[in-house]
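Each chain, letter by letter, is given below.
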Amino acid sequence: MIAGPDRTPLPREFFDRPVLEVAPDLLGRVLVRASPDGPIALRLTEVEAYEGEADPGSHAYRGRTARNDVMFGPPGHAYVYFTYGMWHCLNVVCGPEGTASGVLLRAGEVVEGAELARKRRLSARNDKELAKGPARLATALDVDRALNGADFCAGPEAPLSLLTGTPTHPDQVKNGPRTGVGGEGSGHPWRFWAANDPTVSPYRAHTPRRRRT
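The model shown is predicted, which means the values in this text are computed figures rather than measured ones.

Calculation criteria
- Residues numbered from 1 in each chain as written.
- Predicted model: local features only at pLDDT ≥ 70, side-chain atom pairs only at ≥ 80, totals over all residues.
- Heavy atoms only, no water.
- Disulfide = S-S within 2.5 Å.
- Salt bridge = Lys/Arg side-chain N within 4 Å of Asp/Glu carboxyl O.
- Helix = DSSP H or I, 4+ residues; strand = E, 2+ residues; numbered from the N terminus.
- Buried < 20%, exposed > 50% of the residue type's maximum accessible area, 1.4 Å probe, protein only.
- pLDDT = per-residue confidence, 0-100.
- Contact = heavy atoms within 4.5 Å.
- Phe/Tyr/Trp six-rings, centres within 6.5 Å; stacked < 30°, edge-to-face > 60°.
- Lys NZ or Arg CZ within 6 Å of the ring centre and 35° of its normal.

### Considerations on the state of the cysteines
Right, on to step 1. Inspection of every chain in the model, using the stated rule, returns zero disulfides.
Right, on to step 2. Between C89, a free cysteine, and C94, which holds the nearest cysteine sulfur, the sulfur-to-sulfur gap is 16 Å.

Here you go:
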């Protein structure tokens, strides 16, 4: 268990800032998934920033839809989407209401409840792989679309919360292009990770899908 001030919940004001401020500041924070089976907590080690309608890589680039509606809501809420017909990914909405910016939670180290995460991630070869990548993180925490819109600031009984943790020192924060993002947004260096951390996922450039002939 993480003790003392590390368990302090992050206030909504933390998320009510520009996405490029929030994203690197999330490294080292503790994400907690509460469930009837018990809590799982992980230390965030990798994130990506998406700047809404100003960002060609964002789901909100072309405006508000039923899918991305929660991104336009108040900061500090979860945006969960389903991708490739197989995986869920977990984001936290940030910035003023109406801006639609958010941070994809890409990877972390499970620091509590590893036994529960292992049951959901049977293919993980070791505990460093339990949440090494956004789909793996969501699977390990049992996150799906039912948690879309969940409030990270709703208190200890909420299904998702973000705690102060131990912020990664700025000297140890690295950044580069986002994984798998193509087009005009491919060059934005908005992926942030903790240097030399074994739970960080490998970078993969965007590969255009081939049309079936």
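There's more to say after this.
### Let's talk about the pattern of salt bridges
Right, on to step 1. Going through the model one piece at a time under the given rule, you end up with 16 salt bridges.
Right, on to step 2. Notably, a salt bridge pairs R178 with D55, separated by 2.6 Å at the nearest N-O pair. With R178 in the loop between strand 7 (173–176) and strand 8 (191–194) and D55 in the loop between strand 2 (40–50) and strand 3 (78–83), the pair connects residues that are 123 residues apart, well separated along the chain.
Right, on to step 3. For R178, a relative accessible area of 0% gives the class buried.
Right, on to step 4. One salt bridge in this structure joins R64 and D69, with 2.7 Å as the shortest N-O distance.
Right, on to step 5. Here the salt bridges share partners, and the residues they tie into one network are R43, E109, K128 and D197.

### With respect to the confidence of the model for the protein
Right, on to step 1. For the protein, the mean per-residue pLDDT works out to 93, and 95% of the residues sit at or above 70.
Right, on to step 2. Taken together, the stretch residues 1–5 has pLDDT below 50 and engages in six contacts with residues farther than four places along the chain or on a different chain.

### Focus on the packing of aromatic side chains
Each aromatic ring pair is summarised here by two numbers: the centre-to-centre distance and the angle between the ring planes.
Right, on to step 1. Taken as a whole and assessed by the stated rule, the structure comprises two aromatic pairs.
Right, on to step 2. Ring geometry for F14 and F15: centres 5.1 Å apart, planes at 80°, overall edge-to-face.
Right, on to step 3. Judged by relative accessible area, F15 falls into the buried class, the value being 0%.
Right, on to step 4. On the numbers, 5.6 Å between centres and 40° between planes, the contact of Y79 with Y81 is tilted.
Right, on to step 5. In this structure, R17 is placed above the aromatic ring of F14, and the distance from its NZ or CZ to the ring centre is 4.6 Å.
Right, on to step 6. Over the ring of W193 we find R191, and its NZ or CZ is 4.3 Å from the ring centre.

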